[in-house]
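Single-letter residue listing:
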Amino acid sequence: MYFNKDICNWKSWGEVFQDKEAFSPLAMAILQQEGLPPLPLENLSPGTNAVFRSGDVVIKIYVPAESGYDSLSDWQNEIAVMQRAMELGVCAPKLLCAGEKQDKYLFRYIVMDFCPGREAGDAFAGMTPAERRSFAVRIGEVLKKLNQPAAVAGKDLKKQAAENEHFDCLHPHLVREIKQRVAALPLDEEYVLVHGDCTGENVLVNGTEPMLIDFADCTLAPAWYELPAAVFELFRCDPNAVNAFRGETDEETFLQKLLDGLCIHQFGGFILHDFFLREGYALDEVWSLRQLEFILRQKLFDIGNISDCFSSAVFPDLTGDILTDARILYLANGRTDTLNHVKEVAETAVELAERFGAEPEACRTAAILHDLAAVLSRETMLQTAKDLGMELDPAEEQFPMLLHQRFGVMLARERFGITDSDILSAIGHHTTLKKDPSDIDMIVFLADKIRWDRGTVPPFLPVIEKGLQLSLKAACLEYFDYVTHHSMILRAHRLMEEAHTALRRDRAKGTL
Ligand SMILES: [Fe+2]
Ligand SMILES: [Fe+2]
């Protein structure tokens, strides 16, 4: 017996699959049997299977069935794909041999030559714009070579997409649109061999031609299945690279194919998740494919801006200083009242921040910007919500002004360049709050109530002050209790109901 560890589930595989010592005797036996020199193992970037370098070769040992995962089809597919890639002249590691070894478990393996090179993701980061463009063109050529008909196993892409749970971390409305888009795709193009995971780690650069490695996710699909990994993970949405890669395809066609690819791709959810985090979006901030289109059009092609929708408002040139710019914007749109209100809210927010140990500057910024959407008319907000495919809460349908907290976030990001998710969240929940609010969410929420813009002393001021003697949460709860009891809320927003319920629960548990 060459292999002595126990594999009884996925976790036990996870513990051992990168362990050189555990795999060394087995790997040596396989190499010897194949007539290759049994040189010591070195670790390589971890994937799913056990992969080691041994001298000039790479040995990949597939996870055995005892892990609970049957790797037979992965193994067969990878062999078929590597052979086809060699036939097509794609620059990729050469498959030297493949087989099965019955040991403690049945281990399937492949051996390929080791290709020295630098991961393209790292290399790309250090390239000049011109180098990025020519690199992207070369990637396009490599994929074109690979994207040919092939006799390898395909998958039911629509079924895979319908069952894909990786999108579930995103806004439910966006997820529904993604599933609907996939269901409606005609998929009448020719299916070709696709690498499917052309990321910065799976492309190596050393000579002139980029080399593709790791064919584990290869499948048959329309060629645009390659786009999401290449655009998001390899080019990191760099406009230089994306536009060179796009070639003759016009921007809009390319964008739509990219979205098709994202929606149907097995890793589409992970790709979007990472993209949103890199760009500073909260995971549930993007509600619709329309909104995503705007974001990508801006990012990839530098055209359009989400706030172009807001044609009814005047957007003067900005200076870069938040207070000055907010002032210019409010005044240019005739909102002196809002300017005065936000200044008061900022003053109270800073006091609360100092009293409760939150960051005064973040609170001030959020407070100054919280009512940015006051420059938009009710009609503009409703129309834009429709254009962007936003799903409305029944309360927002009845009282469109409630939408101003959501549009405030868009304006803060697009017009003021705010990417701090705490600040954006405080703006986005200043009317309703949300469950599990942060201190800054509560501070801006409370300051907005304390300094309400109706020219009178708010009737709930005493209860908020009473609550503040205990905590921010207690003050929020006092406010909700008061306005509910006095029927001041005509139609509660889902977020408000959730916030209120969670705070009541905290009171019951004694954790206010
Ligand atoms: Fe407001
Ligand atoms: Fe306000």
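Residues numbered from 1 in each chain as written. Chains lettered and ligands numbered in written order. Predicted model: local features only at pLDDT ≥ 70, side-chain atom pairs only at ≥ 80, totals over all residues. Heavy atoms only, no water.

Asks: What should I look at first to understand the confidence of the model for the protein in this one?
Replies: Close reading of the predicted structure is inappropriate where its pLDDT is low. In this model, the protein carries an average pLDDT of 92, and 99% of its residues clear a pLDDT of 70 or more. When pLDDT is averaged over each element of the protein, helix H20 (residues 439-450) comes out on top at 98 and helix H16 (residues 378-387) at the bottom at 86. (pLDDT = per-residue confidence, 0-100. Helix = DSSP H or I, 4+ residues; strand = E, 2+ residues; numbered from the N terminus.)

Asks: Before we go on, may I ask you to explain the environment of Thr-380 in this structure?
Replies: Locating Thr-380 in the fold gives a position in helix H16. Distance from Thr-380 to Phe-232, taken between C-alpha atoms, is 32 Å for residues 148 residues apart in sequence.

Asks: Just checking my understanding: could you explain the coordination of the iron ion (ligand 2) for this structure?
Replies: Expected angles at a metal are 109.5 degrees for tetrahedral coordination by four donors and either 90 or 180 degrees for octahedral coordination by six donors. Donor atoms from the polypeptide that coordinate the iron ion (ligand 2) comprise His-341 (NE2), His-370 (NE2), Asp-371 (OD) and Asp-448 (OD), at 2.1 to 2.2 Å from the metal. Coordination at the iron ion (ligand 2) is irregular, judged from the 4 donor atoms that bind it and the angles of 83 to 169 degrees they form at the metal. Sequence positions of the donors to the iron ion (ligand 2) reduce to the motif H-x28-H-D-x76-D. (Donors = N, O, S within 2.8 Å, 3.2 Å for Na, K, Ca; no water. Tetrahedral: all angles 85-135°; square planar, octahedral: opposite > 155°, others 65-115°.)

Asks: Can you walk me through the domain arrangement of the protein in this structure?
Replies: How big an interface is tends to be expressed through the accessible area that disappears when the partners come together. Domain assignment breaks the protein into domain 1 (10-113), domain 2 (118-304) and domain 3 (315-509). For domain 1 versus domain 3, the distance between C-alpha centres works out to 56 Å. (Domains from an automatic or database assignment.)

Asks: I would appreciate a short explanation of the pairing of strand S2 (residues 50-54) in the present structure.
Replies: A regular strand places its side chains so that they alternate between the two faces of the sheet. Buried residues dominate S2, accounting for 4 of its 5 residues. Relative to S2, strand S1 (residues 41-43) runs antiparallel, the two being bridged by 3 bridges. Each bridged residue has a counterpart across the sheet, and for Asn-43 the counterpart in S2 is Phe-52. Between the end of S1 and the start of S2, which pair antiparallel, lie 6 residues. Pairing of S2 with strand S3 (residues 57-61), which is carried by 5 bridges, proceeds in the antiparallel orientation. Within the sheet, the bridge partner assigned to Arg-53 lies in S3 and is Val-58. Counting the residues in the hairpin turn of S2 and S3 gives 2 residues, including Gly-55, whose phi is positive at 60 degrees. (Buried < 20%, exposed > 50% of the residue type's maximum accessible area, 1.4 Å probe, protein only. Pairing = 2+ DSSP bridges.)

Asks: Explain the packing of aromatic side chains to me, please; I cannot follow it from the model alone.
Replies: One pair of aromatic rings is described through two measures. These are the centre distance and the angle between the planes. Summed over the entire model, instances satisfying the criterion amount to 24 aromatic pairs. Where Trp-10 meets Tyr-69, the ring centres are 5.9 Å apart and the plane angle is 70 degrees; that geometry is what we call edge-to-face. Note that Trp-10 is positioned in helix H1 (residues 10-16) and Tyr-69 in the loop between S3 and helix H3 (72-87), a separation of 59 residues in sequence. Note on Tyr-69: relative accessible area 33%, which makes it partly exposed. When the ring of Phe-445 is compared with that of Phe-480, the centres are 5.4 Å apart and the planes differ by 40 degrees; the resulting orientation is tilted. In this pair, Phe-445 is assigned in helix H20 and Phe-480 in helix H22 (residues 472-485), connecting sequence segments 35 residues apart. Of the two residues examined, Phe-445 and Phe-480, each falls in the buried class. Of the aromatic side chains, those joined through ring pairs into one cluster are Phe-3, Trp-13, Phe-17, Phe-23, Phe-52, Tyr-105 and Phe-107. The ring centre of Phe-114 lies 3.7 Å from the NZ or CZ of Arg-53, which sits over that ring. (Phe/Tyr/Trp six-rings, centres within 6.5 Å; stacked < 30°, edge-to-face > 60°. Lys NZ or Arg CZ within 6 Å of the ring centre and 35° of its normal.)

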